Amino acid sequence: MSKVLSNGDIADRLSTLAQLMSMEKANPYKIKAYRRAANTIRGLGESVDELVRAKADLTVYSGIGEAINAAIREIVLTGTLASLEKLRSNASPELIAISAYPRLDPKRVLRIFKKLHISSTEALHQALESGEIERTFGSRMTAHVRQGLVQVGAILLYHAHDLVLSIESYLRNRAGATQAEAVGDYRRRVEVIEEISFLVETGDFARLTAAMEGYGGRTSLLESASDSALFALSSGPLLKINLADKRNWGLSLIRRTGSKAHLKKLAAVTGSLTALEAKGSFATEQSFYGSFRMTFIEPELREGFEEIRQARRGTLPVLVTQADIRGDLHMHTKASDGSHSIEQMATTAQTLGYTYIGISDHSQSLKIAGGVSEEALWEQIRKIDLLNEQLGGIRILKSAEVDILADGSLDYSDELLRELDYTVCSIHSRFAFEREKQTERILRAMDNRFFTILGHATGRLLLKRPGYEIDMERIALHAKQTGSFFEINSSPDRLDLSAENARTAAKLGVLIAVSTDAHSIHEFGTIRYGIEQARRAGLERSSVLNCQPLNALIALFKR
Ligand SMILES: [Zn+2]
Ligand SMILES: [Zn+2]
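Residues numbered from 1 in each chain as written. Chains lettered and ligands numbered in written order. Predicted model: local features only at pLDDT ≥ 70, side-chain atom pairs only at ≥ 80, totals over all residues. Heavy atoms only, no water.

## A few points about the overall build of the chain
Each helix and strand counted, the chain has 26 helices and 15 strands in total. Computed over its C-alpha atoms, the radius of gyration of the chain comes to 26 Å, within 12% of the 24 Å expected for a compact globule of 559 residues. Oriented by its inertia axes, the alpha-carbon framework of the chain measures out at about 75 × 70 × 50 Å. Buried residues in the chain amount to 53% of all 559 residues. Considering only contacts within the chain whose residues lie at least 6 apart along the sequence, 69% involve residues at least 24 apart. Of the roughly 25100 Å² that the chain leaves accessible, carbon and sulfur atoms contribute 50%. Measuring between centres, the 71 positive side-chain charges of the chain sit 2 Å from its 69 negative side-chain charges. (Helix = DSSP H or I, 4+ residues; strand = E, 2+ residues; numbered from the N terminus. Rg over C-alpha atoms; globule rule 2.2 N^0.38 Å. Buried < 20%, exposed > 50% of the residue type's maximum accessible area, 1.4 Å probe, protein only. Contact = heavy atoms within 4.5 Å. Areas by Shrake-Rupley, 256 points an atom, 1.4 Å probe, with all protein chains shown as cover. Lys, Arg positive; Asp, Glu negative; His and termini not counted. Charge placed at Lys NZ, Arg CZ, Asp CG, Glu CD.)

Next up, the structure:
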């Protein structure tokens, strides 16, 4: 029998199929479905190869339907996929070379090949390193090629959530760990994860290491020692496992969770942590902090800012939690590019215990996202007034996600803006403006008395697109002066503001909305990611706009 295929091998074949299908004008939904299934498979701990051979039903996993199930069975049982081989046999040599990197967009890469007169991925790599791609095609194309050529890499925090659960259960149920807890960047909720790190307790670490090599069918062991092991996960990140014993579990958690800067500041107070581990016994984190007269430091704060000093003085912030949230101030409906009606959004929000929501569809200039015309917004305003009379228990606020135009003006007339309870003002165009010009554009927009919240402040898409350049401190100061607010966009691909920028804004006294930017009733749950980001920024309930009760909120909106 042939070698067991790892989940990564199987996922690669599905990704390559999707990639080659994209050159054939295939149904885009079908292409997306293959990509989604590939992601699902990369994140599974169980070996898909074994599952198929045991005739298990793969359609129980999200994103795997009948057709994809059949394709996976074919890959496992025959080692190949006829539809993929057929596409390959028709493909040019250039395209076949590109298909070794399933994350590259073949259309874009073929354009680079043509223009630079190259035909191999080695030459593509050289053109990337020499800066030729940057000079000829700009920064977005460069980012795409760089990410596409990298085989092992970072993943976003929300993808790590499921992966961590799957690793944890594998460690406990299959690898003999009596205790297993995720630490490191993940536990601090860093938004991009390059290494997932676990602390384990077990009587047989060598056995645990051997068992982990079977995680996801096959996982390569990169380094191992008597008390640590490093693996390369097929889903991208590295997996680091450290052994700890019960007696010092708390101290080990502390050592493996804090950032370098945090641990350095901590050791300045407590003395060497390694020395403490040798002689002391700290079974819990609380016992450690207690014996040095510190209050418990939430993992999200262990970055080396002021948390050690605050813990000694007892002045650590009480971090905001999901239970503190009273409403959601950024969402879209069918009127622009959302999937549900205002009523559906309102009744769903009510089941979450919210007392208000704000409807913020796109404004007229954003044609690709179904921007709402002035007349249509007037109509929506009347409709919301009516709904507020009919519905009890929840207040629907009238808003819009208003484009900040190139010159800093807002995308609706003052007569119309005046009728809204508040606005979310965002940049959706001209990302390439220079820092000074982009900053001025936002400052001018804030001068408008109908400007309320700055939506997704830098426009970044994690691992895809850096944000546009702005002077955050100047903008935060201006927000404070004009009575404007910021937003943490909970969309897990954005999480923009960054924790760092949110910290800057909050220090200057600017309140921050934690919003979902939901485009359907199913996206309200993403608030979890925005809260994680807010906690990393050290935000308390009092710094979060939508933790305010309705009356206080409306008073804050007046300027
Ligand atoms: Zn937007
Ligand atoms: Zn939006």
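Moving on, there is more to tell.
## Considering the pairing of strand β10 (residues 395-398)
Sheet topology note: the strand β9 (residues 356-359)/β10 ladder contains four bridges and is parallel. By the bridge assignment, Ile-359 is partnered in β10 with Lys-398. With helix α20 (residues 374-390) bridging β9 and the parallel β10, this β-α-β connection has right-handed handedness. (Pairing = 2+ DSSP bridges. Right-handed = clockwise from strand over helix to strand, strands pointing away.)

## Remarks on the side chain of Glu-401
Tracing the sequence through the fold places Glu-401 in strand β11 (residues 401-403). No salt bridge is formed by the buried Glu-401; its nearest oppositely charged neighbour, Arg-494, is found at 6.6 Å. Looking at Glu-401, its side chain comes within polar contact range of the side chain of His-428, at 3.2 Å. Beyond its immediate chain neighbours, meaning those up to four positions away, Glu-401 contacts His-330, His-332, Ser-360, Asp-361, His-362, Ser-363, Val-424, Ser-426, His-428, His-456 and Asp-517. (Salt bridge = Lys/Arg side-chain N within 4 Å of Asp/Glu carboxyl O. Polar contact = N/O pair within 3.5 Å; in protein donor to acceptor, adjacent residues only side chain to side chain.)

## Here's the deal with the packing of aromatic side chains
Counting across every chain of the model gives nine aromatic pairs. What links up through ring pairs into an aromatic cluster is the set Phe-282, Phe-288, Tyr-289, Phe-292 and Phe-296. Here the guanidinium or amino end of Lys-437 rests over the ring plane of Phe-433, the centre of that ring lying 4.2 Å away. (Phe/Tyr/Trp six-rings, centres within 6.5 Å; stacked < 30°, edge-to-face > 60°. Lys NZ or Arg CZ within 6 Å of the ring centre and 35° of its normal.)

## Focus: the coordination of the zinc ion (ligand 2)
Six octahedrally arranged donors around a metal ideally form angles of 90 or 180 degrees; four tetrahedrally arranged donors ideally form angles of 109.5 degrees. Coordination sphere of the zinc ion (ligand 2), protein contribution only: His-330 (NE2), His-332 (NE2), Glu-401 (OE) and Asp-517 (OD), at 2.1 to 2.2 Å. Its four donor atoms give the zinc ion (ligand 2) angles of 82 to 168° at the centre, a pattern that matches the irregular case. Every donor residue of the zinc ion (ligand 2) comes from the same chain, spaced as H-x1-H-x68-E-x115-D. Distance-wise, the zinc ion (ligand 1) is placed 3.5 Å from the zinc ion (ligand 2), both being coordinated by Glu-401. Here Glu-401, found in strand β11, pairs with Asp-517, found in the loop between β15 (512-515) and α25 (527-536); they are 116 residues apart in sequence, far enough to count as distant. Exposure class is identical for Glu-401 and Asp-517. Each is buried. (Donors = N, O, S within 2.8 Å, 3.2 Å for Na, K, Ca; no water. Tetrahedral: all angles 85-135°; square planar, octahedral: opposite > 155°, others 65-115°.)

## Concerning the packing of helix α7 (residues 106-116) against helix α8 (residues 121-129)
The interhelical angle for the contact between α7 and α8, taken along N-to-C directions, is 80°, at an axis separation of 11 Å. What the angle tells us is that α7 and α8 run roughly perpendicular. Contact with α7, carried on its side by Val-109, Ile-112, Phe-113 and Leu-116, involves Thr-121, Leu-124 and Ala-127 of α8 and no other residues of that element. Classifying every residue of the contact of α7 with α8 gives six nonpolar, one polar and no charged. (Axes fitted to C-alpha atoms, helices over the stretch in contact; angles between N-to-C directions. Parallel < 35°, antiparallel > 145°, perpendicular 65-115°, else oblique. Nonpolar A, V, L, I, M, F, W, Y, C, P; charged D, E, K, R; others polar.)

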